[in-house]
There are 2 protein chains.
Amino acid sequence: MLNYNDQENWPNNFGKMQSPINLSIDDQNKYEEFLPISVDEFYQLNNEIDDGTTIRLTGMGNATVFNREFSFQQIHFHTPAEHTVNGKVAPFEIHLVHKNNIGQTVVIALLVQIGNADASLQEIINSFVPNKENDVSINLTEWIPNLANGFHYAGSLTTPPLTENVEWVVITNSQMTVSQNQVDWFAKKFGHNNRKCQAINNRNVEYYENK
Amino acid sequence: MLNYNDQENWPNNFGKMQSPINLSIDDQNKYEEFLPISVDEFYQLNNEIDDGTTIRLTGMGNATVFNREFSFQQIHFHTPAEHTVNGKVAPFEIHLVHKNNIGQTVVIALLVQIGNADASLQEIINSFVPNKENDVSINLTEWIPNLANGFHYAGSLTTPPLTENVEWVVITNSQMTVSQNQVDWFAKKFGHNNRKCQAINNRNVEYYENK
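This write-up is about the structure you can find in this document. (Residues numbered from 1 in each chain as written. Chains lettered and ligands numbered in written order. Predicted model: local features only at pLDDT ≥ 70, side-chain atom pairs only at ≥ 80, totals over all residues. Heavy atoms only, no water.)

**A few points about the interface of chain B and chain A**
Stage number 1. Contact residues are listed per partner, giving 18 residues for chain B and 18 residues for chain A.
Stage number 2. Scanning the region where chain B abuts chain A turns up zero salt bridges.
Stage number 3. Summed over the shared surface of chain B and chain A, the number is 13 residue pairs in polar contact (both at pLDDT 80 or more).
Stage number 4. Looking at the side of chain B that touches chain A, the element that brings in the most residues is strand β10 (residues 150-155) of chain B, giving three residues.
Stage number 5. Residues belonging to the side of chain B that touches chain A are distributed by class as follows: six nonpolar, eight polar and four charged. (Contact = heavy atoms within 4.5 Å. Salt bridge = Lys/Arg side-chain N within 4 Å of Asp/Glu carboxyl O. Polar contact = N/O pair within 3.5 Å; in protein donor to acceptor, adjacent residues only side chain to side chain. Helix = DSSP H or I, 4+ residues; strand = E, 2+ residues; numbered from the N terminus. Nonpolar A, V, L, I, M, F, W, Y, C, P; charged D, E, K, R; others polar.)

Spelled out as structure tokens, the structure:
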């Protein structure tokens, strides 16, 4: 099983575009508009898996991301967050993994703050069966904001094989919150499962914000 | 220098999305529309390089490819063509390499048939200085058709490091032709410099054609 206390020994035949990274606003790459993403068909989760290091759910849904259509593949959770913003670590990060018809991957990430418990996340917690895969029927309706602000860059998967074919959209203004109890539940089940921030190297990180 | 007679020994720590491939029309992935590409700013070539295995020229230009903006990086030539169509090998293939702001790569490839000599290509041939890099001033105006048909898939660079972060647009209806003399000139200078077709594996290859 993946050991988050031994990240230095994860397979490392990869390049210079790894994820996660520390995000910050670069005036050269700042756009005064919303992130061009929209959910075309709400996500329906129908399978829940204990993968040992997180909960992963598969299902259906469609999104348009930077003017191309993607199908939702799976969602999973990290605590604390993997992407940081100006060095600050959010308590929770959600990854919605998508693919398009030619196999390109986009991950929509939500950086989540502590607040009210989220009902859909509670349904996921309540449906969890250790070491098992089980059928569920959960709708996600309001996790991705209609008017999203955040970052856009090219990186990698954050777990092995750490493949560098991944386009990241990291949303910073999701209204979805989680309770401390919900975060504690994940931390107790899985421990910390955040990969450390990687070198940005020669990459541009775009920031989109409209008010 | 890269040895095309010893491709089996090129570095091979890559995945299952290599290029070139043999292209064919798959009814499940056929679109009755033109390829959504347009040249926003004509390509201006200003530097010509003998890289030992081909001529490479750098310059400026912009294109919109599948609804995203890309900057032209460099152009180079292969003889015979690298991508085949239903097993057929064109005599010449041109690669126009582009990048966008977050570092994603798109290559627009032209499969070129024998016909009239092309004036811009002749200018490139006439400007060639062996083992040197030299300044040129060449405009490409009509190589990319306004109404393009062809293939779209995710693959790799076709020379080491064979990086798999490349989106391919292979145009099959370019009106640009090359003369047999022009092809012979390249073959004499560089020999055959086409990488063999690679396994398609689990990839969808889209085909766009409008009449």
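**With respect to the pairing of strand β3 (residues 37-50) of chain B**
Residue and element names in this part refer to chain B.
Stage number 1. Where β3 meets strand β4 (residues 55-65), ten bridges bridge the pair, whose relative direction is antiparallel. The partner of V39 across the bridge, within β4, is A63.
Stage number 2. Sheet analysis places β3 next to strand β9 (residues 133-140), joined by six bridges and oriented antiparallel. When the sheet's bridge partners are listed, L45 is paired in β9 with I138. (Pairing = 2+ DSSP bridges.)

**Overview of the environment of P145 of chain A**
Residue and element names in this part refer to chain A.
Stage number 1. Following the sequence through the fold, P145 ends up in the loop between β9 (133-140) and β10 (150-155).
Stage number 2. In the structure, P145 is positioned 65 residues away from N210 in sequence and 13 Å away in space, judged by C-alpha atoms.
Stage number 3. Ignoring any residue separated from it by four or fewer positions in sequence, one finds P145 in contact with I171, N173 and S174.

**Topic: the packing of helix α1 (residues 119-127) of chain A against helix α2 (residues 180-190) of chain A**
Helices that pack against each other are described as a pair by the angle of their axes relative to one another and the distance between those axes.
All names here are of chain A.
Stage number 1. In contact at an axis separation of 11 Å, α1 and α2 are set at 35 degrees when each is read in the N-to-C sense. Considering how the two elements wind past one another, α1 and α2 form a crossing that is left-handed. Facing L121, Q122 and I125 of α1, the residues of α2 in contact are Q182, W185 and F186.
Stage number 2. A per-class count over the contact of α1 with α2 returns four nonpolar, two polar and no charged. (Axes fitted to C-alpha atoms, helices over the stretch in contact; angles between N-to-C directions. Left-handed = near helix turned anticlockwise from the far one by under 90°.)

**Observations regarding α1 of chain A**
All names here are of chain A.
Stage number 1. All buried positions along α1 are accounted for by S120, L121, I124 and I125. Mapping the buried residues of α1 onto a view down its axis gives an arc of 145 degrees, with all of them on the same face. The outward face of α1, more than 90 degrees from its buried face, is lined by the exposed residues A119 and N126.
Stage number 2. Between a side-chain oxygen at the N-terminus of α1 and the backbone nitrogen of S120 the separation is 3.1 Å; the capping residue is D118. (Buried < 20%, exposed > 50% of the residue type's maximum accessible area, 1.4 Å probe, protein only. Arc of directions from axis to C-beta.)

**A short note on the environment of L45 of chain B**
Residues and elements named next belong to chain B.
Stage number 1. Its location among the elements puts L45 in strand β3.
Stage number 2. C-alpha separation for the pair L45 and I138, spaced 93 residues apart in sequence, amounts to 5.1 Å.
Stage number 3. Setting aside its immediate chain neighbours within four residues, L45 contacts L57, T58, G59, F72, I75, I124, V136, S137, I138 and L140.

**Comments concerning the relation of the copies chain B and chain A**
Stage number 1. The operation relating chain B to chain A is a screw motion whose rotation component is 180 degrees, with 0.0 Å of axial translation and a residual RMSD of 0.0 Å. Here the copies are linked by what is in effect a two-fold axis.
Stage number 2. Most of the interface of chain B is mirrored in chain A, where 100% of its interface residues are also at the interface. (Least-squares fit on C-alpha atoms with pLDDT ≥ 70 in both.)

**Examining the side chain of N149 of chain B**
Residue and element names in this part refer to chain B.
Stage number 1. As for its position among the elements, N149 is in the loop between β9 and β10.
Stage number 2. Judged by relative accessible area, which is 9%, N149 ranks as buried.
Stage number 3. In terms of polar contacts, N149 uses its side chain to reach the backbone amide nitrogen of N210, at 3.1 Å.
Stage number 4. Look past the residues within four positions of N149 in its chain and what remains in contact with it is F34, L35, V170, I171, T172, N173, Y208, E209 and N210.

**Examining the pairing of strand β5 (residues 68-78) of chain B**
Residue and element names in this part refer to chain B.
Stage number 1. Judged by how many residues are buried, β5 sits mostly within the fold: eight of eleven residues are covered.
Stage number 2. Bridge count for β4 against β5 is seven bridges, and the pairing is antiparallel. Each bridged residue has a counterpart across the sheet, and for R56 the counterpart in β5 is H76.
Stage number 3. Linking two consecutive strands that pair antiparallel, namely β4 and β5, is a turn of two residues; a positive phi of about 45 degrees is found at F66 within it.

**So, the environment of S120 of chain B**
All names here are of chain B.
Stage number 1. Locating S120 in the fold gives a position in helix α1 (residues 119-127).
Stage number 2. Judged by relative accessible area, which is 14%, S120 ranks as buried.
Stage number 3. Between the C-alpha atoms of S120 and R203, which are 83 residues apart in sequence, the distance is 35 Å.
Stage number 4. Apart from the residues within four sequence positions on either side, S120 is in contact with I138, N139, L140 and W143.
Stage number 5. Of note is the side chain of S120, whose polar atom sits 3.4 Å from the backbone oxygen of N139.

**A word on the pattern of salt bridges**
All names here are of chain B.
Stage number 1. Per the counting criterion, the structure on display carries six salt bridges over all chains.
Stage number 2. When the shortest N-O distance is used, the salt bridge between E8 and K196 registers 3.0 Å. One end of the pair, E8, is in the segment before β1 (22-23); the other, K196, is in the loop between α2 (180-190) and β13 (206-208), and 188 residues separate them in sequence.
Stage number 3. The exposure class of K196 is partly exposed, given its relative accessible area of 47%.
Stage number 4. For D51, the salt bridge goes to R56, with nearest N and O atoms at 3.0 Å.

**Description of unusual backbone geometry**
Residue and element names in this part refer to chain A.
Stage number 1. That bond from T79 to P80 is cis: its omega, -5 degrees, falls within 30 degrees of zero.
Stage number 2. Within the secondary structure, P80 is located in the loop between β5 (68-78) and β6 (84-85).
Stage number 3. Each neighbour pair has its own omega, and for P160 with P161 the value is 15 degrees, a cis peptide bond.
Stage number 4. The residue P161 is located in the loop between β10 and β11 (166-171) in this model.
Stage number 5. A positive phi angle, close to 55 degrees, is found at L162, a residue other than glycine.
Stage number 6. In this structure, L162 sits in the loop between β10 and β11.

Function cannot be read off these values alone, since they describe shape.
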